[in-house]
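Now for the letters of each chain:
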Amino acid sequence: MSNPSLFVSLLVRQAARNLHRLEVLTEHPDWTNWVCRWHFWRTRRMMAVTPDEAAAWLPALAFALSCEKGADVLAQLARQSLPEPLPPEAIPWRDRLIQVWEQYPADTTWEKTIRLAALVRLDRRVERLPEWLREARRALDLLWYDRPSRLAALAGWRPRPGDGPPHGDKAEAARAWVRFWEERYRTSRSEPDGLIATAALLHLAEAGWLPSGPSPERLREEFRMACLELTRKDVDWEKRAAVWDMLAAWQRKGVLERCGIDREQLQELSLLPDLARTLEWERNDDVLLTMAGYIPGAVEVSAHPEAARAVVARWEALGRNDDWGIRRAAWVARWNLRRAGVLTAEEQGRFDADCMEAIGAENNQAVLLALAQITPPGTFPLAIWTRRLSDQDDRCRLAARLAIHGWLVDMASSEWRVASSELRVARSDLPLATHHSPLAITRWQMRQALRRAGQEGAARTVVPFVNLPREVQPDFRRLHEIETALAAGHLPPSPDAGAGNRPIPRTGPARLPEAHPRTGPPGITDRTTGRIAGSEPSARHPFPEAGRHE
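Counting starts from 1 at the beginning of each chain's written sequence and moves along it residue by residue. For a predicted model such as this one, the threshold for reporting local features is a pLDDT of at least 70, and the threshold for listing and counting side-chain atom pairs is 80 or more; totals across whole chains, interfaces and linings nevertheless cover every residue. Water and hydrogen atoms play no part in the side-chain values, which are based on all heavy atoms of the structure.

S.K.: For this particular structure, what's the right way to read the overall build of the protein chain?
M.R.: Working definition: helices are DSSP H or I runs of at least four residues, strands are E runs of at least two. Numbering for both runs from the N terminus. Tallying secondary structure elements over the protein chain gives 26 helices and two strands in all. Partly exposed residues are those whose accessible area sits between 20% and 50% of the maximum for their type, while under 20% is buried and over 50% is exposed, using a 1.4 Å probe and protein chains only. A buried classification covers 57% of the 550 residues belonging to the protein chain.

As structure tokens, this is what we get:
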């Protein structure tokens with residue numbers, strides 16, 4: 001039988017790398033600190049991803065969720081970008097993630113809201129509308145500070161692409177869902193519930209589910225005007241952050257365009273000038289991080305070139321701020337703009353130079369962790385990251401480990417090669433090459449080349465692969481195991497790891513409980529810039545030993 005790893009897709013390879021990288025992170029002592037995990041997933045959520053990149057994170061998300069107990073981190077996991085359309089290969093991963101969320105034993109009102117928000121975004125089948133409708137009606141009985149976040153979670157439901165208004169037995173549930181949000185829209189215009197209802201109706205309008213009632217044009221204009229009112233300086237920062245989070249998510253998903261808006265209307269409704277004006281005075285790092293997720297499209301940039309250049313300049317200036325939270329937001333924003341093709345050649349050059357300087361000089365752990373997730377083209381700064389492995393701060397060392405480990409895995413398991421003649425090893429040099437998988441071959445090439453050279457950029461510092469600390473070197477056997485399982489249509493078996501890498505066993509109901517206990521706080525996010533190709537949870541890994549999902 002042929003080795004499936006010889007023919008794995010780029011999507012499977014990327015999914016294997018992401019899951020393996022996360023398994024490695026869980027072994028680091030500082031990963032037990034929920035703040036570190038929160039910073040990682042919060043930053044990840046605001047970074048631009050293509051549909052394939054988002055799909056490749058689904059297995060890693062299931063693994064992270066099975067290990068997680070902190071509500072704040074759960075909220076970030078629930079709002080990670082989801083792929084649309086979903087590649088066929090990723091359907092088993094999506095289904096497993098739904099299963100893990102279903103099994104999560106939410107004990108507080110806030111945890112139930114988080115779980116519901118995740119399920120509503122992941123499981124968009126019309127068959128579940130009666131369940132979501134029951135939860136929406138119950139939400140009206142919650143305490144005033146719990147109700148908006150629960151309704152916002154439910155408003156995130158959208159019909160799947162191509163799903164028109166249903167007929168037959170499903171039609172009544174769909175009509176009841178529309179009536180619920182139309183009633184909230186009419187009776188709560190000046191309240192947060194009214195804005196939430198407008199968002200829910202826009203989701204239905206983009207799928208053609210609103211034959212009557214408010215027109216999509218009216219909904220778009222009201223939504224835009226209401227949102228801009230909530231981004232002013234005199235509004236509470238938490239509301240500003242929530243609104244920009246929603247606007248950024250809708251921009252990435254292209255909701256407004258799919259509601260039938262044409263190019264001219266999109267230019268008029270563009271928030272790019274508003275973004276530029278807000279960046280002149282906004283100094284709250286949480287708000288700025290959500291604003292960093294707003295990635296203007298080509299139509300917006302061409303319609304408002306001066307605003308686009310002002311936004312880029314403002315983010316560059318904020319990247320030199322003394323506040324580490326503001327610096328982190330600026331790096332995420334500049335990276336997103338670079339990936340989206342918004343930066344000019346001169347601006348790209350400044351970004352690359354600033355990035356290299358920051359990797360060597362940044363002393364804040366959260367900012368360095370963000371930089372470790374940025375991979376600008378060009379030579380990987382191995383020498384600089386290797387020096388950071390000697391930092392006294394544990395989390396700075398964790399960021400360095402993440403960056404180096406990711407680079408080594410990419411080198412060994414993808415078709416990408418370092419643009420150096422030293423790393424071009426002739427295939428004829430390989431003994432019995434046909435008996436080895438591409439993973440083993442490229443690993444051998446990499447080790448041989450880095451033994452001989454390992455020179456890094458202008459510094460010309462030799463850092464041989466064999467001299468790197470063992471903890472940053474990938475476990476290629478485990479990576480190969482994950483890759484082979486995913487390529488064969490399975491989800492990977494449990495890793496043979498220590499207790500530190502094992503998820504905590506959980507038991508709990510498979511559905512949301514009928515009653516809703518007390519406590520709580522809020523939540524909402526996706527789009528693209530380009531394209532690259534009921535069982536109990538396990539006590540060690542979210543995936544069954546040989547589970548197969550068709």
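S.K.: Please explain a nonpolar patch on the surface as it appears in this structure.
M.R.: The patches described consist of residues with a relative accessible area above 30% and no salt bridge, like charges being joined within 9 Å and nonpolar side chains (Val, Leu, Ile, Met, Phe, Trp, Tyr) within 5 Å. For every accessible area listed, the method is Shrake-Rupley and the probe measures 1.4 Å; residues are considered covered only by the protein chains on display. Here, a salt bridge means any Lys or Arg side-chain nitrogen found within 4 Å of an Asp or Glu carboxyl oxygen. A cluster of nonpolar side chains, Leu143, Trp144 and Tyr145, forms an exposed patch at the surface whose accessible area comes to about 380 Å². With respect to the helices, strands and loops of the structure, Trp144 is situated in the loop between helix H8 (129-139) and helix H9 (147-155). Exposure remark for Trp144: the relative accessible area of 65% places this residue in the exposed category.

S.K.: Help me out: how do you make sense of unusual backbone geometry in this one?
M.R.: For residues other than glycine, phi is negative in most cases, and the peptide bonds are mostly trans. With an omega of 0°, the peptide bond between Glu84 and Pro85 qualifies as cis. Tracing the backbone through its elements, the reader meets Pro85 in the loop between helix H5 (71-78) and helix H6 (91-103).

S.K.: Help me out: how do you make sense of the packing of helix H2 (residues 34-45) against H5 in this one?
M.R.: The packing of two helices is summarised by the inter-axis angle and the distance between the axes. To define axes, lines are fitted to C-alpha atoms, for helices over the stretch in contact only, and angles between the resulting N-to-C directions are given on a 0 to 180 degree scale. Closest axis-to-axis distance for the H2/H5 pair is 9 Å, and the angle between their directions is 20°. One way to sum up the angle between H2 and H5 is to call them roughly parallel. In the packing of H2 onto H5, the handedness of the crossing is left-handed. For the pair H2 and H5, the contacting residues are Trp34, Arg37, Trp38, Trp41, Arg42 and Arg45 in the first and Asp72, Val73, Gln76 and Leu77 in the second. Residue composition of the contact of H2 with H5, by class: five nonpolar, one polar and four charged. When an angle is under 35 degrees it counts as roughly parallel; over 145 it counts as roughly antiparallel; between 65 and 115 it counts as roughly perpendicular; any other value is oblique. Whether a crossing is left-handed or right-handed is set by the direction in which the near helix is turned from the far one by less than a right angle, anticlockwise for left-handed and clockwise for right-handed. Contacts are assigned to residue pairs that have any heavy atoms within 4.5 Å of one another. Only Asp, Glu, Lys and Arg are considered charged in this grouping, and only Ala, Val, Leu, Ile, Met, Phe, Trp, Tyr, Cys and Pro are considered nonpolar; every other residue, Gly among them, is considered polar.

S.K.: Teacher, can you tell me more about the packing of aromatic side chains here?
M.R.: Centre distance and the angle of the planes are the two values used to describe a pair of aromatic rings. The pairing test for Phe, Tyr and Trp rings, Trp by its six-membered ring, is centres within 6.5 Å, and the orientation test on the planes gives stacked under 30 degrees, edge-to-face over 60, and tilted for anything in between. Going through the model one piece at a time under the given rule, you end up with 14 aromatic pairs. When the ring of Phe40 is compared with that of Trp41, the centres are 5.0 Å apart and the planes differ by 85°; the resulting orientation is edge-to-face. As far as burial versus exposure is concerned, Phe40 and Trp41 are alike and both buried. Criterion for a charge above a ring: Lys NZ or Arg CZ within 6 Å of the ring centre, and within 35 degrees of the ring normal. The lysine or arginine in question, Arg334, covers the ring of Trp331, its NZ or CZ lying 5.2 Å from the ring centre.

S.K.: I would appreciate a short explanation of the packing of helix H11 (residues 192-206) against helix H13 (residues 237-253) in the present structure.
M.R.: With their axes 13 Å apart at the nearest point, H11 and H13 run at an angle of 5° to one another. Overall, the two elements H11 and H13 adopt an arrangement that is roughly parallel. Contact residues: H11 offers Ala199, Leu202 and His203, while H13 offers Met246, Trp250 and Lys253.

S.K.: Can you walk me through the pattern of salt bridges in this structure?
M.R.: Opposite charge on two side chains permits them to pair, given that their charged atoms come into close proximity. Following the criterion strictly, the structure yields 39 salt bridges and no others. In this structure, Arg224 and Asp274 form a salt bridge, with 3.4 Å as the shortest nitrogen-oxygen distance. In this pair, Arg224 sits in helix H12 (residues 216-229) while Asp274 sits in helix H16 (residues 272-279), placing the two residues 50 residues apart along the sequence. Residue classification places Asp274 among the buried residues on the basis of a relative accessible area of 13%. As a salt-bridge pair, Arg232 and Glu229 come within 3.2 Å of each other at their nearest N and O atoms. Looking at Arg232, the relative accessible area reads 40%, which means it is partly exposed. Residue Glu229 is classed as partly exposed on the basis of its relative accessible area of 42%. Residues joined in a network through salt bridges with shared partners are Glu102, Asp123, Arg125, Arg128 and Glu131.

S.K.: Just to check I follow, could you spell out the environment of Ala200 for this structure?
M.R.: Turning to its location among the elements, Ala200 is positioned in helix H11. According to the relative accessible area criterion, Ala200 is buried, its value standing at 3%. Between the C-alpha atom of Ala200 and that of Ala152, which follows or precedes it by 48 residues, the distance is 8.4 Å. Beyond its immediate chain neighbours, meaning those up to four positions away, Ala200 contacts Ala155 and Trp181.

S.K.: Please explain the nonpolar core as it appears in this structure.
M.R.: Generally speaking, soluble globular proteins have nonpolar side chains that are buried together. Joining through side-chain atoms within 4.5 Å is the link that ties buried Ala, Val, Leu, Ile, Met, Phe, Trp, Tyr and Cys residues into a set, and such a set is a nonpolar core. Grouped together as the largest cluster of nonpolar side chains are 149 residues, with contacts concentrated most on Trp41, Trp101, Trp177, Trp181 and Trp315. Among the elements that take part in this core, helix H24 (residues 394-413) stands out by supplying eleven residues, more than any other. Those residues within four positions of Trp181 in sequence are excluded, and the remaining contacts are Leu151, Leu154, Ala155, Ile196, Ala197, Ala200 and Leu201.

S.K.: Hey, could you run me through helix H4 (residues 58-67) in this one?
M.R.: Since the α-helix packs 3.6 residues into each turn, any two residues three or four apart lie on the same face. With nine of its ten residues buried, H4 lies for the most part within the structure. Every buried residue belonging to H4 is among Leu58, Pro59, Ala60, Leu61, Ala62, Phe63, Ala64, Leu65 and Ser66, and all of these are buried.

S.K.: Looking at this model, I keep getting lost on helix H10 (residues 171-187). Mind explaining?
M.R.: One less than the number of residues in a helix, times 1.5 Å, gives the span that helix is expected to have. An ideal rise of 1.5 Å per residue puts 24 Å on 17 residues; H10 measures up with 24 Å between its terminal C-alpha atoms. The secondary structure elements touched by the buried residues of H10 are H8, H9, H11 and H12.

S.K.: Please explain the side chain of Asp193 as it appears in this structure.
M.R.: Looking at where Asp193 falls in the secondary structure, it is placed in helix H11. Engagement of the side chain of Asp193 in a polar contact is seen with the side chain of Arg184, the distance being 3.1 Å. Asp193 has contacts with Arg147, Pro148, Leu151, Arg184 and Ser188, leaving out every residue within four places of it along the chain. Counted as a polar contact is a pair of N or O atoms within 3.5 Å, where, for protein atoms, one must be capable of donating a hydrogen and the other of accepting one, and residues adjacent in sequence contribute only when both atoms are in side chains.

S.K.: How should I be thinking about the confidence of the model for the protein chain in this particular structure?
M.R.: The predicted coordinates should not be examined in detail at positions where pLDDT is low. Of the residues in the protein chain, 75% have a pLDDT of 70 or more, and the chain-wide mean is 79. Every residue gets a pLDDT, meaning the predictor's confidence in that residue, from 0 to 100. This stretch, residues 451-464, has a pLDDT under 50; its non-local contacts, to residues over four places away or in other chains, come to 24 contacts. Scored below 50 in pLDDT, residues 497-550 shows 163 contacts in the model against residues more than four places distant or in partner chains.

S.K.: For this particular structure, what's the right way to read the environment of Ala399?
M.R.: Residue placement: Ala399 occurs in helix H24. Since its relative accessible area comes to 0%, Ala399 is described here as buried. Between the alpha carbons of Ala399 and Ala370 there is a distance of 8.1 Å; along the sequence they are 29 residues apart. Other than its neighbours up to four places away in sequence, Ala399 contacts Leu368, Leu369, Ala372 and Trp385.

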